[in-house]
Amino acid sequence: MLEINNLNVHFGVIHALKGISLKVEEGEIVTLIGANGAGKTTTLRTISGLKKPTDGTIFFNGNDITSASPQDRVRMGISLAPEGRRIFSSLTVLENLELGAYLRRDKAEIKKDISMVYERFPILKDRRKQAAGTLSGGEQQMLAIGRALMSRPKLLCLDEPSMGLAPLLVQEIFDIIQDINRKGTTILLVEQNASMALQIANRAYVMETGTISLSGTGAELMQSEEIKKAYLGG
Amino acid sequence: MEQFLQQIVNGVSLGSIYALIALGYTMVYGIIKLINFAHGDIYMLGAYIGYFCMTYFHLGVIPSLLIAMAICTLLGVIIERIAYKPLRNATRIAVLITAIGVSLFLEYGTMFFVKANVRSYPPLKGILTHSFKLGSIVVTAQQILIVCITIILMAFLQFIVKRTRIGKAMRAVSLDRDAAELMGINVDNTISFTFALGSALAGAAGILVGIYYNSINPLMGILPGLKAFVAAVFGGIGIIPGAMIGGYFIGTVEVMVAGYGNSMFKDAVVFAILILILIVKPSGLLGKETKEKV
Ligand SMILES: Nc1ncnc2c1ncn2[C@@H]1O[C@H](COP(=O)(O)OP(=O)(O)OP(=O)(O)O)[C@@H](O)[C@H]1O
Ligand SMILES: [Mg+2]
């Protein structure tokens, strides 16, 4: 579904991605883990078109999208719940969800999808008229995921959805991610919480200062000594 | 008391004009954090377009207004595309200096074509020459026209911003440009649209001021532009209702100072207000105190 070849990204003189290649197949959960500053966020931002690569290609469902606009990528079915949630804080919860469906014209279906998001996150329904900035961190994360789902993505990219959440909530978010995947959405998950990410992932890539240092199935990587030492605290 | 009410009437008329200009400042600032110094010159161009429509084509006020708004819309979009869009990732000071350059270009470019002399609007006809007396307070038909047109335009603007798809996109882009891109919003088009709206309102203000004060010149945009900017800051720059309130406030204060005090001070007072706001509440009347993001 998604195929990245030899992707290079620069910020001025900083070489943030140094020729990474990765693949996500339809129906998978793929996770991207790695230390701070490894380039995980940059990878997702480049996939969604916010950052232009200096070299390399990105293919989505067989189409070269390397220079496609972010809008076109949303239209094709790529959606990102960005790092730090980035919800529209002074707009209401409902307005945030509506903006998630900005490119869609099927009003009735949008309504249905909003109810589906409410079913998945009942708290958002209670808060629908409230300014999104007044939500708690966990609720904001739910809104960010819900909003990303509103474009009916084929590939949902999530950047550290568990960041700053209490352990119980982290578990809930991971359950939700698995459920979204079961209902047919492919997932590319960036996480600091490596052990939980590896548990739910079909496959995983490990990033280290702009390169991919290791890859394999979630189970394989969980057994790897290197990973245990570096990311799983043992 | 009656004199006071008369000043209020005059202040509201002048304030309408400031409010219309301030809206463009505030919307553009809201979306790209640029104080568009060329905005006052769009207003001047609106006044000239209205003048030509009425003097040479003998059009009525409303058709002239619509034409001025349409041409100013176009100019606003062209200026944005040529001067500001290439600077999307430049520093704010670079864009600001460009805006000053655009402003000078419009002022002296206009002077080249229409000469520097003051021109007067053709005398109005029919109902627009009337004035109405309420006790000893005089309300002219022109004042009523100005206020009515302003209210209609503001209601229309509110509708666009609150209810339409492009309005939602404007609000999203002004809150978080990257997040807006992720929703599939075309940020460049949204910014152009914001310039279009602001310029249309400035164009309308230009022709209304031509009708009200009768005389126009190529540098007429400078001072009202600055005052409208103060109005936008007063209300809270980036906040649409703030610009409306600020416009009426500044207009009324100016008229009061001229009426009761000394009209020599009317401009100085406006800028004293700016300094006061910046000391007391820099975020303006409706602005929230936000910590500068680092
Ligand atoms: N806007 C930017 N300007 C300059 N350098 C940047 C920018 N964004 C990222 N970088 C640099 O690119 C590298 C990769 O950053 P990135 O945010 O992708 O890391 P990350 O893996 O997501 O880290 P974290 O786990 O902390 O979120 C870092 O060295 C970072 O300093
Ligand atoms: Mg990151």
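An account of the accompanying structure is given in this report. Every chain's residues receive numbers from 1 upward, in the order its sequence appears when written. As a convention, the first chain written is A and the first ligand written is 1, with the rest following in written order. The predicted nature of this model means local features are confined to residues of pLDDT at least 70 and side-chain atom pairs, given and counted, to a pLDDT of 80 or more, with totals for whole chains, interfaces and linings taken over all residues. Calculation of side-chain values draws on the structure's entire complement of heavy atoms; hydrogens and water are dropped beforehand.

Across soluble globular proteins, nonpolar side chains have a tendency to be buried as a group. Counting 124 residues, the largest nonpolar core has Leu2 and Leu188 of chain A together with Ile17, Tyr84 and Ile185 of chain B as its most contacted members. Per-element accounting of this core gives the leading share, 14 residues, to helix 8 (residues 187–213) of chain B. In this analysis, two residues are considered to be in contact whenever any of their non-hydrogen atoms come within 4.5 Å of each other. Ignoring sequence-local partners within four residues, the contact set of Ile17 of chain B consists of Tyr43, Ile146, Ala205, Leu208, Val209 and Tyr212 of chain B. Take the buried Ala, Val, Leu, Ile, Met, Phe, Trp, Tyr and Cys residues and link them wherever side-chain atoms come within 4.5 Å; each set so joined is a nonpolar core. Only protein chains enter the accessibility calculation, which uses a 1.4 Å probe; a residue is then buried when its area is under 20% of its type maximum, exposed when over 50%, and partly exposed in between. Ranked by size, the runner-up nonpolar core spans 43 residues in total, among them Ala81, Ala144, Phe174 and Ile180 of chain A. Only DSSP runs of H or I with at least four residues qualify as helices, and only runs of E with at least two residues qualify as strands; both kinds are numbered from the N terminus onward.

If you roll a probe as big as a water molecule over the atoms, it shows you where there is empty space left. Residues and elements named next belong to chain B. In this analysis a 1.4 Å probe is tested at points of a 1 Å grid over the protein atoms alone, and where it fits but cannot get out there is a cavity; an open set with protein on both sides within 12 Å along at least five of seven lines is a pocket; lining residues have an atom within 4 Å of a point. Grid points are joined across faces, edges and corners, and a volume is the space filled by probe spheres set on the points. Going through the model one piece at a time under the given rule, you end up with two cavities of 30 Å³ or more. Counted as a void, the largest cavity has a volume near 40 Å³. Residue lining of the largest cavity: Asn36, Ala38, Ile42, Gly76, Ile79, Tyr84, Phe195 and Ser199, and that is the complete set. Listing elements by their share of the lining of the largest cavity, those giving two or more residues are helix 3 (61–84) and helix 8. For the lining of the largest cavity, the element with the highest residue contribution is helix 3, accounting for three residues.

Before going further, it helps to examine the coordination of the magnesium ion (ligand 2). Any N, O or S atom lying within 2.8 Å of the metal counts as a donor, and for Na, K and Ca the limit rises to 3.2 Å; water is left out, so some sites can look incomplete. Every protein donor of the magnesium ion (ligand 2) is listed here as Thr41 of chain A (OG1) and Glu83 of chain A (OE), and their distances to the metal cover 1.8 to 2.3 Å. Taken together, the residues span a long stretch of sequence, with Thr41 of chain A in helix 1 (residues 40–47) and Glu83 of chain A in the loop between strand 6 (78–81) and helix 3 (93–100) at a distance of 42 residues.

Residues and elements named next belong to chain A. Read across the open sheet, the four strands follow the order 2-1-4-5; overall the sheet is antiparallel. The strands lining the two open edges of the sheet, one partner per strand, are strand 2 (14–24) and strand 5 (63–64). In this structure, strand 4 (residues 55–60) lies alongside strand 5, joined through two bridges in antiparallel fashion. Residue pairing for strand 5: Phe59 is matched across the bridge by Asp64. Two strands pair if DSSP finds at least two bridges between them.

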